[in-house]
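# Fold and geometry: a report
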Amino acid sequence: MTALLKLADVSKRFDGLVAVNQMKFDIKKGEIVGLLGPNGSGKTTLINLISGALSPSQGSICINGKNIAGKRADQIARAGVARTFQLVRILPSMTVLENARVPAAFGAKAHRGSEIDRIALTHLKKVGLGDKADMMPGELTYIDQKRLELARALAAEPEVLLLDEWLAGLNPSELQDGIALIKELQSTGLTILLVEHIMEAVRALCPRCVVMNAGTLIADGPTNEVLANPDVVAAYLGDEYDA
Amino acid sequence: MLISTLMFGLVLGGTYALVALGLSMQYGISRIMNLAHGEFMIAAAFCAYVLFDFAGLSPLVTLLIAPLIGFGLSWLIYTVMMHPLVKRAANRGQLEADSILATFGLLFILQGIMLVVFGSDFTSYSYLNIPIDIFGVTIAVSRVVAFGLSLFLGLVLYVLITRSRWGATLRAVALSPASAPLVGIQVDKVARQAFAIGGALAASGGVLVSMFVTFSATGGVVFTMKALIVVIMGGVGNLLGALIAGLALGVIETFVTSYFDPGLSLASTYLLFIIVLLWRPQGLFGSVRS
Amino acid sequence: MTRTVLFAIAILAGLAILALAPAFLGEYGLGFMVSLMSYVTLATAWAMFSGPTRYISLATVAFFGIGAYTVAVFNETLPYPFVLIVAISIGALLATFVGFATLRLAGVYFVIFSFGLAELVRQLITWFEVNITGTLGRYIFLPFETRHIYWQLLALAAVTIGIGFWIRQTRLGLALKVIGDDELVAAHSGIALARTKVLLFVLSASLMTLAGAIQSPRWVYIEPAIVFNPTISFLTVIMALLGGATRLWGPALGVIPLMILFEWLSASFPDHFSIFLGAMFILIVFLLPKGVLSAVETRLARLKREANA
Amino acid sequence: MLLAREQESEPFQKLGGQEMLKFTRRNAIAGLAALTAATSFSVVSSVADDRSSIKIGYAVSKSGGNATGAGITTIPNYELWVKDVNAAGGLELPDGSRLPLEVIEYDDRSQTEEVVRAIQRLGAKDKVDFILPPWGTGFNLAVAPLMDKFGYPHLAVTAVTDKAPEFAKRWNKSFWFLGGGVDYAEALSEVLSAAQEEGQINNKVAMISVADGFGIDLVNAARPALEDKGFDLAYDVTYPLGTSDFAAIVNDAKNSGADSFIAFSYPPGTFGVTKQAQVAGYNPKVFYTGVGGAFPVFKKISGGQQEGVMGIGGVQSDSKAIQAYFAHHTEEIGNPPDSWASAVTYSSLQMLQEAIRRVGLDRDAVAKELSTGEFDTIMGKVKLEDNQLRTLWWAGQWQGDNFSAIAPAGGTGTVAPVIPKPAWK
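Residues numbered from 1 in each chain as written. Chains lettered and ligands numbered in written order. Predicted model: local features only at pLDDT ≥ 70, side-chain atom pairs only at ≥ 80, totals over all residues. Heavy atoms only, no water.

## What to know about the overall build of chain D
The helix and strand tally for chain D stands at 15 helices and 16 strands. Sequence-distant contacts, at least 24 apart, represent 66% of the contacts inside chain D between residues at least 6 apart. With the model as given, the accessible surface of chain D reaches about 14,500 Å², and the carbon-plus-sulfur share is 51%. (Helix = DSSP H or I, 4+ residues; strand = E, 2+ residues; numbered from the N terminus. Contact = heavy atoms within 4.5 Å. Areas by Shrake-Rupley, 256 points an atom, 1.4 Å probe, with all protein chains shown as cover.)

Structure (structure tokens):
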């Protein structure tokens, strides 16, 4: 099976500072992969590179064999990459339904007319916001806002979903709901790259993990093996000591 | 020819720098884009004119008084008008929009008051309009004084801001108004100080400029425009940058006038400004915030 | 459905009444209506771009002036409709350039840029006229009475509001709303920021250019200092903001009270106009930051909630 | 629409000169007016019986960019005239009765659209008896069609345009008081040419001009006029409105080797150039400035060294009437008037006043009287030619405390120019 998402030699430098250094890994269709690493190791930068919020200084990022490196965010979104944000970003002046309509209208499929509403509502229902479609997002609870953001990413009907600490900040019972929700998404065949600090969630969701430290790939393999890797442990411990 | 053009340009540029210093303080540190900046200058210019013409007071004496009034008035304006806007603003963008509109209102009010008080006449007087020979180039003493003072004020402020403890708090506020309180800085107080100092600078600029420029109650916007161009070219909040950008602008204008066509001198200013904006929005010399 | 039909009928009836205005309004009233329609066009067109994107543009007069100036240059050599086409083309060309500038500039930088642009255009036209054509100051002798200009401006205002309405129904409108809320989300949702903004800016600027072109025969004599009067940009901004720049009818509703107020001020306090204008600005910023429409809606919503409780 | 324009323009191409003044393109209406003009006396006096005032309206720039110009030349004279008339018990009508003036004024905020609307308001809503013109060439042209439409005599004073003859025909109740660029330029070239023949100056001229309608009109007229007289334009540049620094320009003019320096400038430029010339020790034998040179404040700006500076305009400084006007203006307004358009403005109002005294409030009759009558004004006896004031002074020079007229040479009240100008101290 060929890789759906393929990163080769991807680097990002800011004024001489190397934030991402020659990252290289593949994700197959339907796979769910954890992207781990201590704070400041370049995970979010990598997500920004893949989604087009930043363009890489070098390297290639391919979706289905098509290089999207350096393309604009909207082009990449239409190529089938959707994302959530580390800090929740909802569209405050639009209703929950309208929030979800946006990617349905402008995403990969660019639906028209009533189809937009149908897609939006489908995904709202999927995340459990079916009955809150007419509310303003400001009125939602934190977890519901996170759900809305997820629904918005899903409504783009992406090939790859990038989740940037989507589970962070949830209480234990919400966390279980969240994990269940992602599991369900995976079961529909969606490919997911998941940045996460909560090891419980990583173990529960991701059979495979990629670990970064200081912008460099230090481990890539089955989750259990990776987490036992001495380099990974050192990186995390170092992080703990620093904190 | 070359040397005289350069000298004329530098002296003119000194005026531009002088005009811009106050705005650089106000926008760079207090984050208030004060569109009434030019009106402050005109008010100070009228002040100098009235004192000179009716009381025989030298503008150089007014130069000691006007900045104090400018400081006090700006302090008051910040407290009454700007502070509520700063407090209300959810983000920088909103504060910018609000402060632009509010100071725009201020512009019209000040202009209206000056129209009522001083009328609409072109005003001008002669003081220190005597020639001095520098490197074989004849220049008016008044302009040389303005040039020297803008250099002096610009450098003193630059040193204060980069070297002193007080300057460090100013920079902290300019860099990150949100996190400055974490290290015990009273952002509001610092911003008010910077705004008031900006007002004082505008007033001293107005007094100096009045010695050699013809002004009228409605002419403030010209100064504001020039100041904005210089501030943005020099880098917001970067006083040294403003100084250099001001001088550069003066030299460029004069060179266009002498070697190309005076008809394009102002156009060249705007063109340069637009190019700088598009090419390096952070200014030629970077802003304190970047 | 019936509501839509009723609404359409009401709009058409309103337009018809306005179109008949010359019959029952005197010369003075009609002159007032000309200004009113001109500013409704300008403010609505301004808000079309600046409302959703929150870019405060002071380039309004650059386009308005280009429209007027184009008519001044070509009114004797080209038939009127062609003059208008030429005007729109020049306005749209400049707007494309400004539109691309918005991709690099935001906030106060854009404000100053747009103001500087209007000045630059004025300086360049002046220089061109002085050095190339050797005529500064042009005449427009088109056989238009006030009512002809009024009808044209009424049509333009209607078209402008119509376009505003239409945009809101289309994907473009949705895209703009998203851009206004969060540009990053917009981009990651697949919205092409650059194309959307430039397209909209060009549209808005073309309407402004037309407004200037249509109104210019009223002034007979045109020179750059007259048609590139920055006050027009400022008034447009304040009118749109007063009504509410994010609403379709907001700008138009902002124009009416301000026009009446200005009319009263310039008659009752000819010496103190500036002071009142300044005070208006400050009052709007402090009391109606989101515009009249929004303030009224908030008030209504609160009353409703209180009634329900 | 194009067709309509042709039809409209046809009549006044066929008709010319005096004929034009009697018949307009609205022949029928004018004919009717002419008929009623004879009987207007009785009509007006009966109207006067049940009215308590005469309404005068005007819209001028009280704020915005034009406020400065309007505030020097136009507004003070309107106020002065209204004061004078009302102090005398009001405007005198043909029957000897007097009615006080009631003034309606608007601020046009320096916007053409506003001035157009203000005239519509004055004419259609306020229905004033007479409308005084706004300030500036552009604004006068903007209101001209409306004044014509409403039938008001239009005393376009502060409008300098070479097309005045054409406009006077186009709008037959419009009167043009300040000549055109050609008049000023040719008068100046006469002065210079005379001086050159006397051997007072060389044949080189340094000329600068402000880039707006006024400056360009003048400089375009001056170039051929000067070259005609054998002058060589050693330096000829145009600077933008808003230029504040003239160091480089004056330096270049100084290096041009010209004996004559001409600035077709506006007040900020006039003042700036003068100060810079003093600093640079630039002492051309002829130093001529545009608007502002004739302002009373010029004495102060030149540091009391105005002697010999030439400029646009000028007054008959030995005239008792002018002297009295200057004193009166200074007393009532607080500062003396400028020596160019101020006296013309006041004279135009005197003409209006006298015309009303002769024919009453009928506007057509007043317009006709203005066009054909002869009037005593502070500028002496004035009679319009083809609806234009031609007996103007085109150039003046500071001689002592007065800005005296020096052109047209040999004209009434002109003095001989002093060349070379004394050097700046």
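Moving on from the model shown.
## What to know about a negative patch on the surface
Residues and elements named next belong to chain D. Residues Glu 186, Glu 227, Asp 228 and Asp 232 make up a contiguous surface patch of negative charge. Topologically, Asp 228 is positioned in helix α9 (residues 213–228). The class for Asp 228 is exposed, based on a relative accessible area of 72%. (Patch = residues over 30% accessible without salt bridge, like charges linked within 9 Å, V, L, I, M, F, W, Y side chains within 5 Å. Salt bridge = Lys/Arg side-chain N within 4 Å of Asp/Glu carboxyl O. Lys, Arg positive; Asp, Glu negative; His and termini not counted. Charge placed at Lys NZ, Arg CZ, Asp CG, Glu CD. Buried < 20%, exposed > 50% of the residue type's maximum accessible area, 1.4 Å probe, protein only.)

## A closer look at the interface of chain C and chain A
At the interface, 15 residues of chain C touch 25 residues of chain A. Of the roughly 1,900 Å² buried between chain C and chain A, counting both surfaces, carbon and sulfur atoms make up 63%. Among the residues chain C hides against chain A, the three largest losses belong to C:Arg171, C:Asp181 and C:His188. Together they make up 36% of the total. One can count 2 salt bridges joining chain C with chain A. One salt bridge in this structure joins C:Asp182 and A:Arg89, with 2.7 Å as the shortest N-O distance. Of all elements in the fold, only α8 (171–181) and α9 (183–188) of chain C reach the threshold of two or more residues within the side of chain C that touches chain A. (Buried area = accessible area lost by both parts, 1.4 Å probe.)

## As for α8(C)
In terms of burial, α8(C) is a largely internal element, 9 of the 11 residues being buried. As for α8(C), its buried residues are in contact with α3 (96–106) of chain A together with α3 (27–53), α7 (146–169), α9 and α10 (193–215) of chain C.

## Concerning the sheet that holds strand β16 (residues 402–407) of chain D
Residues and elements named next belong to chain D. An order of β9-β8-β10-β11-β12-β15-β16 is seen for the 7 strands of this open sheet, with the pairing classed as mixed. At either end of the open sheet lies a strand with only one pairing partner, and these are β9 (232–239) and β16. Between one strand axis and the next, the sheet turns through 20 degrees on average, direction left out of account. Two strands pair when backbone bridges link them, and strand β8 (residues 204–210) and strand β10 (residues 260–264) are joined in this way by 5 bridges, in the parallel orientation. Looking at β10, one finds that Met 207 is bridged to Ile 262. Contacts from helix α11 (residues 267–280) reach β8, β9, β10 and β11 (286–289), with the element oriented near 155 degrees to β11. (Pairing = 2+ DSSP bridges. Axes fitted to C-alpha atoms, helices over the stretch in contact; angles between N-to-C directions.)

## Examining the nonpolar core
Within the largest apolar cluster, 343 residues are counted, with the highest numbers of intra-cluster contacts made by B:Met25, C:Phe113 and D:Trp81. Here this core takes 15 residues from α3(C), the largest share from any one element. Mapped onto the domain boundaries, this core takes at least three residues apiece from domain 1 (2–180 + 322–383) and domain 2 (181–317 + 394–407) of chain D. A:Leu175, A:Val202, A:Val211 and A:Val226 belong to the second-largest nonpolar core, a separate cluster that totals 44 residues. (Core = buried A, V, L, I, M, F, W, Y, C linked by side-chain atoms within 4.5 Å. Domains from an automatic or database assignment.)

## Overview of a nonpolar patch on the surface
Residues and elements named next belong to chain C. Where nonpolar side chains cluster on the molecular surface, the patch consists of Phe 7, Ile 11, Phe 165, Trp 249, Leu 253, Ile 256 and Ile 260 and spans about 630 Å² of accessible area. Of all elements in the fold, only α1 (2–19) and α13 (250–268) reach the threshold of two or more residues within the nonpolar patch. The element contributing the most residues to the nonpolar patch is α13, with 3 residues. Along the chain, the position of Phe 7 falls in helix α1. A relative accessible area of 44% places Phe 7 in the partly exposed class.

## Points about the confidence of the model for chain D
All names here are of chain D. Mean pLDDT for chain D: 83, with 88% of residues reaching 70 or above. Scored below 50 in pLDDT, residues 1–48 shows 43 contacts in the model against residues more than four places distant or in partner chains. The ipTM for the predicted assembly is 0.79, set against a pTM of 0.83. (pLDDT = per-residue confidence, 0-100.)

## Structural notes on helix α4 (residues 67–87) of chain D
Residue and element names in this part refer to chain D. The largest bend in α4 is about 35 degrees, located at Thr 74, with the proline Pro 76 one to four residues further on. When you tally the buried positions in α4, you get 17 out of 21 residues, the bulk of the element. Looking one or two residues past α4, Gly 89 carries a phi angle of roughly 95 degrees, positive in sign. (Bend = angle between axes of the 7 residues up to and from the residue.)

## Things to note about the environment of D:Phe298
Residues and elements named next belong to chain D. Following the sequence through the fold, Phe 298 ends up in helix α12 (residues 297–301). Spatially, the C-alpha atoms of Phe 298 and Asp 318 are 20 Å apart, while their sequence positions differ by 20 residues. If sequence neighbours within four positions are ignored, Phe 298 has contacts with Thr 270, Phe 271, Thr 274, Gly 292, Gly 293, Gln 306, Val 309 and Trp 398.

## Description of the interface of chain C and chain D
Contact with chain C, which involves 43 residues of that partner, is made by 42 residues of chain D. By the criterion of area lost to chain D, the three top residues of chain C are C:Glu27, C:Tyr28 and C:Phe141, representing 18% of everything that side buries. For the pair chain C and chain D, the interface holds 5 salt bridges. With a closest N to O distance of 2.9 Å, C:Glu263 and D:Arg117 form a salt bridge. Counting across the chain C and chain D interface gives 14 residue pairs in polar contact (both at pLDDT 80 or more). For the side of chain C that touches chain D, the secondary-structure elements that each account for two or more residues are α3, α6 (107–133), α12 (231–243), α13 and α14 (273–287) of chain C. Taken together, the residues that form the side of chain C that touches chain D break down as 23 nonpolar, 12 polar and 8 charged. (Polar contact = N/O pair within 3.5 Å; in protein donor to acceptor, adjacent residues only side chain to side chain. Nonpolar A, V, L, I, M, F, W, Y, C, P; charged D, E, K, R; others polar.)

## Describing the domain arrangement of chain D
All names here are of chain D. Here the domain parsing of chain D yields domain 1 (2–180 + 322–383) and domain 2 (181–317 + 394–407). Tallying the contact residues gives 16 residues for domain 1 and 18 residues for domain 2. In terms of surface lost to domain 2, no three residues of domain 1 exceed Gly 180, Ser 339 and Trp 340, which account for 43% of the buried area on that side. The tally of links between domain 1 and domain 2 comes to 0 salt bridges. Counting every contact that joins domain 1 to domain 2 gives 10 residue pairs in polar contact (both at pLDDT 80 or more). When residues of the side of domain 1 that touches domain 2 are assigned to their parent elements, the largest contribution, 3 residues, is made by helix α13 (residues 320–333).

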